[in-house]
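Spelled out from the first residue to the last, the chains are:
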Amino acid sequence: MAKVKTLDDLRKMKDQLKSKISLRENGENPESMVQIKVSMSTCGIASGAKEIMGFFVDEFDNQGLDAVVTQTGCMGYCYAEPTIEVTKPGEKPLVFGNVTTDKAMEIIEKYIKEGELVDGIIPDSYETIE
Amino acid sequence: MGKFKSHILVCGGTGCRASRGEEIVENLQAALQENGLHKEVQVVRTGCFGFCEKGPVVKMVPDNTFYVHVEPEDASELVLEHMVKGRKVERLLYLDPETKERISDSKHMGFYKKQYRIALRNCGFINPENIDEYIARDGYAALGKALVDMQPDAVIQMIKASGLRGRGGGGFPTGLKWELTRKSVADQKYVVCNADEGDPGAFMDRSILEGDPHSVLEAMAICGYCIGADTGLIYIRAEYPLAIQRLKTAIDQARDYGVLGNDIFGTGFNFDVEIRYGAGAFVCGEETALIHSMEGLRGEPTVKPPFPAERGYKDKPTNVNNVETLANIAPILLKGSECSVRSVMKRAKEPRFLPWPGRSTMWGLLRYPWALPCAKLFLILAEVSKAAKSSRPCRRVDLRGAA
Ligand SMILES: Cc1cc2nc3c(=O)[nH]c(=O)nc-3n(C[C@H](O)[C@H](O)[C@H](O)COP(=O)(O)O)c2cc1C
Ligand code: FES
């Protein structure tokens, strides 16, 4: 039995399938969307960075938000793991420490969606050499 | 459906497979399993990335890390370092020959930076054996649009306006060819895809068929709608086993989904595709010889006229197009004729493949606008070859086939 009987079927199908490759498509131009880097070093993983990363991936997917979640090495804030760095398009990156799933939800709802700052920001105290 | 947080794209093109690409896939899967990541990280075989000389190529997504010259033995390190610890494996990153720096994102590599891809849009991006990934990238939407919303003449006008010209060598305007075949009156017509690719050292057509077979099937169906044909034939040389296998898989999936077969999109339009094998004779790439070969006759050219558009396969009007020509069709319908007009010149506007075979220090597939002035092309190629560490400067560009 044919799965695609009308053009509408195809469009619906495309919408459902999009998420399968959105990871790749978003990865092509990460600058245009929210980017989250999760610090995944031994200290981060031991403090639950993996669960946090999974939480972001799932939550963005559930809410249909375009975002790129990647992992990175230790950011040096081992006292505040799990740490994540959030970059909204055109804005400077912000680092949040001691991120729990509740905190992660707050970051999504308040900072990412509304632009409000939330507690837990680690002040930017460094510059990266070019 | 499980949610993967990362994808590992492994090149499944012939070049990379020949360098044990399949083993890399197996080893990666085993390493992921070992580290309990198999539900989070998906390994996907894709078509050729175009950077065959640096193969096997493995790309990590979404952070876009591009690893080159990967060996199966590197799999566990890649998983352990990149996926588990989040550190890039420096030694497998591409080394910029000029700056001597390791570059991780392919977008910053000289090789890709200046290219503009239409026909290769999906190669190295989707799994060519999975129609779902093609559909997710707007696959078959052009066919849907043509069948449901457009008259054949309007489609032909669009192709004409795009300036698309045949990539089989003759450079004949594609829209005009479709129009001529449409005008021929007959009870049966055929769409033929020329996948003979006889030119020595050429591998653009093969790369498309291996990397994005559905794009060719979709275009054949669109052509069938325009000229009034319900049968498509792909003439492909038997020396292309992987391309044949991927085509067969694609045809089966397309039939299963109903985008090939009867009453496509409920419009009453029928179209199906068959594969015909060639024994690999150069001359059988010529369209009249190709048609004779398919008819079981000697593969010899005959004088034109009559053109295939008037009398072709089994003496019926037949539209013969090259693989690469067809791969350009869907984007034109979806994005408009203008999508291929990147240069101000009136003729030959869309990007052209430059296969880069043979004894150069670097080889692969590149794409540039066809109407690029030669001087500019030289400059770009000089840069690319510098990026590829070529000891000799670019001295000659061959714009024909090598034959
Ligand atoms: C000797 C000879 C060999 C040819 N070989 C090929 C070939 O390998 N592949 C191909 O697509 N066209 C080949 N052609 C061109 C075809 O005859 C035909 O023009 C082409 O397939 C038409 O498709 P297009 O309009 O999309 O370019 C060859 C022509 C000649 C004269
Ligand atoms: S075959 Fe792998 S990049 Fe071309």
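Analysis parameters
- Residues numbered from 1 in each chain as written.
- Chains lettered and ligands numbered in written order.
- Predicted model: local features only at pLDDT ≥ 70, side-chain atom pairs only at ≥ 80, totals over all residues.
- Heavy atoms only, no water.
- Domains from an automatic or database assignment.
- Contact = heavy atoms within 4.5 Å.
- Buried area = accessible area lost by both parts, 1.4 Å probe.
- Polar contact = N/O pair within 3.5 Å; in protein donor to acceptor, adjacent residues only side chain to side chain.
- Nonpolar A, V, L, I, M, F, W, Y, C, P; charged D, E, K, R; others polar.
- Pairing = 2+ DSSP bridges.
- Helix = DSSP H or I, 4+ residues; strand = E, 2+ residues; numbered from the N terminus.
- Axes fitted to C-alpha atoms, helices over the stretch in contact; angles between N-to-C directions.
- Salt bridge = Lys/Arg side-chain N within 4 Å of Asp/Glu carboxyl O.
- Buried < 20%, exposed > 50% of the residue type's maximum accessible area, 1.4 Å probe, protein only.
- Near = heavy atom within 4 Å.
- Areas by Shrake-Rupley, 256 points an atom, 1.4 Å probe, with all protein chains shown as cover.
- Parallel < 35°, antiparallel > 145°, perpendicular 65-115°, else oblique.
- Left-handed = near helix turned anticlockwise from the far one by under 90°.
- Phe/Tyr/Trp six-rings, centres within 6.5 Å; stacked < 30°, edge-to-face > 60°.
- Lys NZ or Arg CZ within 6 Å of the ring centre and 35° of its normal.

Novice: Help me understand the domain arrangement of chain B in this model?
Specialist: A common way to report how large an interface is uses the accessible area buried once the components associate. All names here are of chain B. For chain B, the assigned domains are domain 1 (6-108) and domain 2 (138-337). Computed over C-alpha atoms only, the centres of domain 1 and domain 2 are separated by 34 Å. With seven residues of domain 1 at the interface, the matching set in domain 2 holds seven residues. A combined buried area of about 480 Å² lies between domain 1 and domain 2, and 49% of that area is made up of carbon and sulfur atoms. Linking domain 1 with domain 2 are three residue pairs in polar contact (both at pLDDT 80 or more), by the criterion used here. Split into classes, the residues belonging to the side of domain 1 that touches domain 2 amount to two nonpolar, four polar and one charged.

Novice: Help me understand the sheet that holds strand 8 (residues 231-237) of chain B in this model?
Specialist: What links the strands of a sheet is backbone hydrogen bonding, and the strands pair in either a parallel or an antiparallel sense. All names here are of chain B. The sheet built from five strands is open, its strands ordered 9-10-8-7-11 with mixed pairing. The two strands at the open ends of the sheet, each matched to only one other strand, are strand 9 (261-264) and strand 11 (318-322). For this sheet, the mean inter-axis angle between neighbouring strands, taken without regard to orientation, is 25°. Strand direction decides the pairing type here: strand 8 and strand 10 (residues 269-278), joined by seven bridges, are parallel. Residue pairing for strand 10: Gly232 is matched across the bridge by Val273.

Novice: How do you make sense of the side chain of Gln253 of chain B when you look at a structure like this?
Specialist: Mapped onto the secondary structure, Gln253 of chain B falls in helix 11 (residues 241-257). Beyond its immediate chain neighbours, meaning those up to four positions away, Gln253 of chain B contacts Glu129, Asn130, Ile131 and His214 of chain B.

Novice: Would you take a moment to explain the pattern of salt bridges for this structure?
Specialist: Any two side chains of opposite charge can pair, on the condition that their charged atoms come close. All names here are of chain B. Taken as a whole and judged by the stated rule, the model has 31 salt bridges over all chains. For the salt bridge of Glu81 with Arg87, the shortest nitrogen-to-oxygen distance reads 2.9 Å. A relative accessible area of 18% places Glu81 in the buried class. Given the relative accessible area of 44%, Arg87 is considered partly exposed.

Novice: Looking at this model, I keep getting lost on the environment of Lys5 of chain B. Mind explaining?
Specialist: Summarising the element assignment, Lys5 of chain B is placed in the segment before strand 1 (6-11). The exposure class assigned to Lys5 of chain B is buried, which follows from its relative accessible area of 5%. Placed 171 residues apart in sequence, Lys5 of chain B and Leu176 of chain B show a C-alpha to C-alpha distance of 47 Å. Beyond its immediate stretch of four places on either side in the chain, Lys5 of chain B contacts Leu23, Met40, Met53, Val57 and Gln71 of chain A together with Glu40, Val61 and Pro62 of chain B.

Novice: Where do I start with the site of ligand 1 in this structure?
Specialist: All names here are of chain B. The environment of ligand 1 is formed by 16 residues, the closest being Gly168, Lys177, Asn321, Asn322 and Thr325. Taking Gly168, its main chain carries an N or O atom lying 2.7 Å from an oxygen atom of ligand 1. Out of a free accessible area of 610 Å², ligand 1 has 82% covered by protein chains. Here the shell around ligand 1 takes three residues from strand 11, the largest share from any one element.

Novice: Just to check I follow, could you spell out the packing of helix 3 (residues 49-63) of chain A against helix 4 (residues 101-114) of chain A for this structure?
Specialist: Working note: a packed helix pair is described by the angle between its axes plus the distance between those axes. Residue and element names in this part refer to chain A. At a minimum axis separation of 10 Å, helix 3 and helix 4 run at an interaxial angle of 45°. By the angle between their axes, helix 3 is oblique relative to helix 4. Note that helix 3 runs across helix 4; the crossing there is right-handed. Contacts between helix 3 and helix 4 involve Ile52, Phe55, Phe56, Glu59, Phe60 and Gln63 from the first element and Thr101, Ala104, Met105, Ile108, Glu109, Ile112 and Lys113 from the second. Here the contact of helix 3 with helix 4 is composed, by residue class, of eight nonpolar, two polar and three charged.

Novice: Would you mind showing me how to read the packing of aromatic side chains here?
Specialist: One pair of aromatic rings is described through two measures. These are the centre distance and the angle between the planes. Residue and element names in this part refer to chain B. All chains considered together, the criterion is met by 10 aromatic pairs over all chains. Between Tyr134 and Tyr140 the ring centres are 5.3 Å apart and the planes differ by 80°, which places this aromatic pair in the edge-to-face class. Across the pair, Tyr140 and Tyr134 agree in class, each one buried. Look at Phe269 and Phe271: their rings are 6.1 Å apart centre to centre, the planes differ by 15°, and that puts the pair in the stacked class. Both residues of the pair, Phe269 and Phe271, count as buried. Members of the aromatic cluster, joined through ring pairs, are Phe49, Phe51, Phe66 and Tyr94. The residue whose ring lies beneath Arg137 is Phe125, and the NZ or CZ to ring-centre distance is 3.9 Å.

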